[in-house]
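# Understanding the architecture of this molecule
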2 protein chains.
Amino acid sequence: MTIEEIRPALEAIVGAAHVLSSPDGPRLVVRPGTTDEVSGCLAFANRHSIPVVTLGGLTGLVRGTELFGNVVGISTERLNGVLDFDPLRRQVTVGAGIKLEEVHRFAERHDLRYGVNFGARGSCSIGGNIATNAGGNSVLRFGMTRANIAGLEAVLADGRVLSDLGGLVKNNTGYDLKQLFIGSEGSLGIITKAVLKLSRPSVDTASVLLALDSLDDALAVMSVLELKCGVSLLAMEIMWNRYFKTAGALALRGSPLPLADHHPLYILAQVEGAGNGPSAEDLVLGALEGIDFIPDSALASSQAQQEAFWSIRDGSEYIEASHPTVLSFDVSMRPQDYSTYVAGVEDALSRRLPEAISYYFGHLADGNVHFMIAHDNSIDHADEIIEACVYETLSVYWPSSVSAEHGIGLEKAEHLWRSRSEEEIAVMNAVRKTFDPNGILNPHIQYRSRLD
Amino acid sequence: MTIEEIRPALEAIVGAAHVLSSPDGPRLVVRPGTTDEVSGCLAFANRHSIPVVTLGGLTGLVRGTELFGNVVGISTERLNGVLDFDPLRRQVTVGAGIKLEEVHRFAERHDLRYGVNFGARGSCSIGGNIATNAGGNSVLRFGMTRANIAGLEAVLADGRVLSDLGGLVKNNTGYDLKQLFIGSEGSLGIITKAVLKLSRPSVDTASVLLALDSLDDALAVMSVLELKCGVSLLAMEIMWNRYFKTAGALALRGSPLPLADHHPLYILAQVEGAGNGPSAEDLVLGALEGIDFIPDSALASSQAQQEAFWSIRDGSEYIEASHPTVLSFDVSMRPQDYSTYVAGVEDALSRRLPEAISYYFGHLADGNVHFMIAHDNSIDHADEIIEACVYETLSVYWPSSVSAEHGIGLEKAEHLWRSRSEEEIAVMNAVRKTFDPNGILNPHIQYRSRLD
Ligand SMILES: Cc1cc2nc3c(=O)[nH]c(=O)nc-3n(C[C@H](O)[C@H](O)[C@H](O)COP(=O)(O)OP(=O)(O)OC[C@H]3O[C@@H](n4cnc5c(N)ncnc54)[C@H](O)[C@@H]3O)c2cc1C
Ligand SMILES: Cc1cc2nc3c(=O)[nH]c(=O)nc-3n(C[C@H](O)[C@H](O)[C@H](O)COP(=O)(O)OP(=O)(O)OC[C@H]3O[C@@H](n4cnc5c(N)ncnc54)[C@H](O)[C@@H]3O)c2cc1C
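Residues numbered from 1 in each chain as written. Chains lettered and ligands numbered in written order. Predicted model: local features only at pLDDT ≥ 70, side-chain atom pairs only at ≥ 80, totals over all residues. Heavy atoms only, no water.

Right, let's get into unusual backbone geometry. Residue and element names in this part refer to chain A. Here the amide bond leading from W398 into P399 is cis, since omega sits at -5 degrees, within 30 degrees of zero. Within the secondary structure, P399 is located in the loop between helix 13 (382-394) and strand 17 (400-401). In this structure, S49 is a non-glycine residue whose phi angle is positive, near 50 degrees. For S49, the location among the structural elements is in the loop between helix 2 (35-47) and strand 3 (52-55). Residue class for S49 comes out partly exposed when judged on its relative accessible area of 44%. A positive phi angle, near 50 degrees, is found at H381, a position not held by glycine. Tracing the backbone through its elements, the reader meets H381 in the loop between strand 16 (368-375) and helix 13. (Helix = DSSP H or I, 4+ residues; strand = E, 2+ residues; numbered from the N terminus. Buried < 20%, exposed > 50% of the residue type's maximum accessible area, 1.4 Å probe, protein only.)

Pasting the structure below:
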């Protein structure tokens, strides 16, 4: 079908005002306002085998929302708002297009908290978070998005609506289908509504920045903090020297860093107080008491001090802005493998791209290393270098993942086989075919095995 | 194929010693000792369309393991033992046949804890727990079995092995297939191994028994305990008057009950101390301070006192033993609907089966009511009475589930439609067909819609 034929059919479903032409091309973007309209759009697309791409907040980092060819974009922007709230069960039902930040604001107004949080909060949508099973800084405490979802509604490729919005804690009546949609990157259906779990907020928090001499020492501190602080531990990040030094200098704009910048590793941990027990500060100091191998440390308990500490950890954007070329990675492995992996990447880079500078940081206990390879020119054969330095080096480790948080999208399709077996990929595709026999949903995202 | 033809083929795979005839019939039970042997058995069964039933610890409560017709039982009994342990990540890899209680013992030996726990622990297997997504007393704190699984290995109907045993906290590379197996009751494959999450154990615990005048009061107390104790709250059970009085008298064998037995409702809550913060006792007393509508309460902090309190809650077996006929139920709904549901069941019973005596208890915050309908004779037309008094009464409430913890099995197949939509049931069956095109896996368990 041509765009000229498709447009009036979509206009009849969502209204002419909500069918837009994408500025840079002949493609259409529809903005359905209800689940029924999503269903109408998909049923139409499916009947005519028109490929569609679901568009959330467009903050995804693996090119999952690229529009190309004759594809129709379906935006969830108008599927927003808070639809229901159960204070007793601490559950809120929202439209999938609602921004993450609006959920935080809603929770705060009710003296509650939503556990998923990260830098893109002002733009990303809950539907996008669910479709990518987003993580963030408090996975340690609240888990990935998956652990924060009590219910979902999704529209299947043929327009049927799967609804599981009851938010029951216990419902062992067959397969928990919502689990499949979480992390499916729009390939199984369009998520239209979700029930989110909220929890009581922090009474007080404290952050501690620790210098460490080695990964072994860092892992020892990690275990102590996990065992002594338990669920009071909100976040526990690791920064390698070059990241700490550079992001710190840029983020604090020349103010002195809280710790000397010559230590190999830094941990930044945030703890919350127990409310009716010890304060956050007492908790973290108590936990660290008696550890004699921390060469330097700094405690922040005021909001302003904590923000300064965290601006270092969140300073990757400054590093990005300070080099003409920056490639970013998001891989996962066992924490005990961090050092040899980082050394392996450094070693491979020193041979392939000696002028590159790389910066390593991550979510310590999650096994999640983020890093940036920066270059002061453009990088020739970047794909090949990435393959050799980042992913081949990673594949030495088991278990490991080429995508800890961000998904596969277009970006990582060719590396999927490194993290999932042929059998898993075959089953994923069989499941996908069951949900979307005509292959209309995000067809650009392909779960390919090495043999494909 | 006849049993005479099947037996030698299975013997060739698992060894003659591990192919048994079921005592009460001509059926075979095989006991594979490795994943490869499970794979061999299934590939053979699939080739010849021989139906199989997976047998774990046989403690399931919905007749999921019934052998009938020409079916071959595949027991996981020999797939046991601890296979790997990562103290840093607090993960243990086990064979699916390991008993739940052995996992607890292993965790204790390493000063850790596995969060899933319930009465059948000495007999039930981890594979069965996963296949039924079992709950138990600490779902409030640790979630259902689903929340305690970091990895799985399963053999598909055609013998292919899906393995995801890396235990990565973060791995957003496509669908999280293990989620599908959790709660699938053996209908998608045989679980052969699992990676379990362990956590730090309690330092000290205290239990409090509270009398309440109404459900509203009980829910108010629930909210206070949840908000003030947070994750220190290990369990929070509700007992209606008749259950408390009867189970209490039987469990304590005539010793006086900790509270007078005339109150409409009782809550039994267990809290753990913060380790480096307030003791469990201080925590629970602090949380309840200032609540002026609790007519009576008792605190247990010694192990022996706590055991006495919990023997009341766990006293359903005494009630079962004290009536010739006892029917047991496991339903779920919003906690705010408990009272009207219980009143509805009582009312329906008073009209249909006036001599019945029913006993209600449950997991307060989980929305999970268990109850028993007892009768001093046999019950005629039990199915019809159950339908009218238990499930039709339940269907008035949304959301609600005919199976909170136990699964569907043979027992609840005809009620599935009350909790899942036609679309959900259709998708479940489509997924099942994708995994098991010849329909050999637990074919007696059928996910039927009302129209089937
Ligand atoms: C500054 C910044 C920081 C970030 N930090 C983190 C972080 O800490 N942790 C982390 O995990 N990620 C992070 N991300 C990436 C993260 O994946 C996204 O921010 C977010 O989860 C995507 O939401 P979105 O609404 O923008 O989705 P989009 O980018 O619009 O879409 C992402 C994918 O999901 C699909 N999709 C979107 N909505 C739906 C729907 N309703 N139904 C079905 N499919 C849908 C799309 O087709 C696409 O494939 C960050 C991104 C930025 C820019
Ligand atoms: C005294 C008692 C108390 C109980 N308390 C609770 C409770 O508090 N909470 C709760 O949720 N349940 C409870 N149950 C029921 C509970 O479902 C089971 O105890 C347990 O989870 C089942 O494990 P099992 O190994 O005995 O499985 P089985 O009974 O052998 O099997 C159960 C189902 O799972 C399938 N299955 C078993 N193993 C596998 C495998 N490896 N791969 C694939 N499929 C498999 C079987 O085919 C069957 O359909 C209780 C039962 C008893 C007897």
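Residues and elements named next belong to chain B. Relative orientation of the contacting elements helix 7 (residues 215-229) and helix 9 (residues 280-288) amounts to 130 degrees, with a least axis distance of 9 Å. By the criterion of interaxial angle, the relationship of helix 7 to helix 9 is oblique. Crossing of helix 7 against helix 9: the hand is right-handed. Listed contacts from helix 9 to V221, V224, L225, K228 and C229 of helix 7 are L283, V284, A287 and L288. (Axes fitted to C-alpha atoms, helices over the stretch in contact; angles between N-to-C directions. Parallel < 35°, antiparallel > 145°, perpendicular 65-115°, else oblique. Left-handed = near helix turned anticlockwise from the far one by under 90°. Contact = heavy atoms within 4.5 Å.)

Below, the discussion takes up the sheet that holds strand 7 (residues 149-155) of chain B. All names here are of chain B. On the basis of which strands lie adjacent, the open sheet formed by 5 strands has the order 5-6-9-7-8 and antiparallel pairing. Either end of the sheet is taken by a strand with one partner, and the two such strands are strand 5 (82-86) and strand 8 (161-164). The sheet shows a mean angle of 15 degrees between the axes of neighbouring strands, taken without regard to direction. Sheet topology places strand 6 (residues 91-95) next to strand 9 (residues 190-197); 5 bridges connect them, and they run antiparallel. Residue V92 lies in a different strand from strand 9, and its bridge partner there is L196. (Pairing = 2+ DSSP bridges.)

Another point: the packing of aromatic side chains. Evaluation of the coordinates by the stated rule reveals 24 aromatic pairs over all chains. Both rings, one in W240 of chain A and one in Y338 of chain A, keep their centres 5.8 Å apart while their planes meet at 70 degrees; by these two values the pair is edge-to-face. Of this pair, W240 of chain A sits in strand 11 (residues 233-240) while Y338 of chain A sits in helix 12 (residues 338-352); the two residues are 98 residues apart in sequence, bridging distant segments of the chain. Grouping residues by exposure puts W240 of chain A and Y338 of chain A together as buried. Geometrically, the ring pair formed by F329 of chain B and Y391 of chain B is edge-to-face, given 6.2 Å between the ring centres and 80 degrees between the ring planes. Pair noted here: F329 of chain B is in strand 14 (residues 325-333) and Y391 of chain B is in helix 13 (residues 382-395), with a separation of 62 residues, a long-range link. Judged on exposure class, the residue F329 of chain B and its partner Y391 of chain B are both buried. Through successive ring pairs, a cluster of aromatic residues spans W240, F329, Y338, Y341, Y360, F371, Y391 and Y397 of chain A. For the cation-ring pair, R450 of chain A lies above W417 of chain A, with the distance from its terminal atom to the ring centre recorded as 3.8 Å. (Phe/Tyr/Trp six-rings, centres within 6.5 Å; stacked < 30°, edge-to-face > 60°. Lys NZ or Arg CZ within 6 Å of the ring centre and 35° of its normal.)

We now examine the interface of chain B and chain A. If you look at the interface, chain B gives 83 residues, while chain A gives 82 residues. The three residues of chain B that bury the most area against chain A are K170, N172 and Y175 of chain B, which together make up 16% of that side's buried surface. Joining chain B to chain A, the criterion identifies 8 salt bridges. Here chain B and chain A share 35 residue pairs in polar contact (both at pLDDT 80 or more) between them. The leading source of residues in the side of chain B that touches chain A is helix 14 (residues 422-435) of chain B, at 10 residues. Among the residues making up the side of chain B that touches chain A, the classes are represented as 36 nonpolar, 28 polar and 19 charged. (Buried area = accessible area lost by both parts, 1.4 Å probe. Salt bridge = Lys/Arg side-chain N within 4 Å of Asp/Glu carboxyl O. Polar contact = N/O pair within 3.5 Å; in protein donor to acceptor, adjacent residues only side chain to side chain. Nonpolar A, V, L, I, M, F, W, Y, C, P; charged D, E, K, R; others polar.)

The next subject is the pattern of salt bridges. If you walk through the whole model with that rule in mind, you get 48 salt bridges over all chains. Two residues, R160 of chain B and D158 of chain B, come together in a salt bridge whose shortest N-O distance is 3.0 Å. Here the salt bridges share partners, and the residues they tie into one network are R146 of chain A together with D164, D176 and K178 of chain B.

Right, let's get into the domain arrangement of chain A. Parsing chain A into structural domains produces domain 1 (3-75), domain 2 (82-197), domain 3 (205-314) and domain 4 (323-418). On a C-alpha basis, the centres of domain 1 of chain A and domain 3 of chain A stand 46 Å from each other. (Domains from an automatic or database assignment.)

Bringing the site of ligand 2 into the picture now. Residue and element names in this part refer to chain B. Around ligand 2, the surrounding shell holds 33 residues, and the nearest of these are T54, G57, T59, G60 and S125. S125 places a polar side-chain atom, nitrogen or oxygen, 2.6 Å from an oxygen atom of ligand 2. Between ligand 2 and E185, the relevant distance is 3.5 Å, taken from an oxygen atom to a main-chain nitrogen or oxygen of the residue. With the chains in place, 88% of the 970 Å² that ligand 2 exposes on its own is no longer accessible. No other element matches helix 4 (residues 126-132), which puts 5 residues into the shell around ligand 2. For the shell around ligand 2, a count of residues per class yields 12 nonpolar, 19 polar and 2 charged. (Near = heavy atom within 4 Å. Areas by Shrake-Rupley, 256 points an atom, 1.4 Å probe, with all protein chains shown as cover.)

Moving on: the relation of the copies chain B and chain A. Expressed as a screw operation, the relation of chain B to chain A combines 0.0 Å of axial shift with a rotation of 180 degrees, fitting to an RMSD of 0.0 Å. Each copy turns onto its partner about a two-fold axis. Looking at the rotation axis and the C-alpha trace of chain B, the residue lying nearest is G277 of chain B, at 2.7 Å. An overlap of 99% is found between the interface residues of chain B and their copies at the interface of chain A, pointing to a shared contact surface. (Least-squares fit on C-alpha atoms with pLDDT ≥ 70 in both.)

All right, on to the confidence of the model for chain A then. Residues at a pLDDT of 70 or more form 100% of chain A, whose mean pLDDT is 96. Reported confidences for the modelled complex are a pTM of 0.97 and an ipTM of 0.97. (pLDDT = per-residue confidence, 0-100.)

The subject of this paragraph is the packing of helix 1 (residues 3-14) of chain B against helix 2 (residues 35-47) of chain B. Residues and elements named next belong to chain B. Their axes nearest at 9 Å, the elements helix 1 and helix 2 cross at an angle of 155 degrees. Relative to helix 2, the element helix 1 lies roughly antiparallel. Note that helix 1 runs across helix 2; the crossing there is right-handed. The residues of helix 2 that touch helix 1, namely those facing I6, A9, L10, I13 and V14, are E37, G40, C41 and F44.

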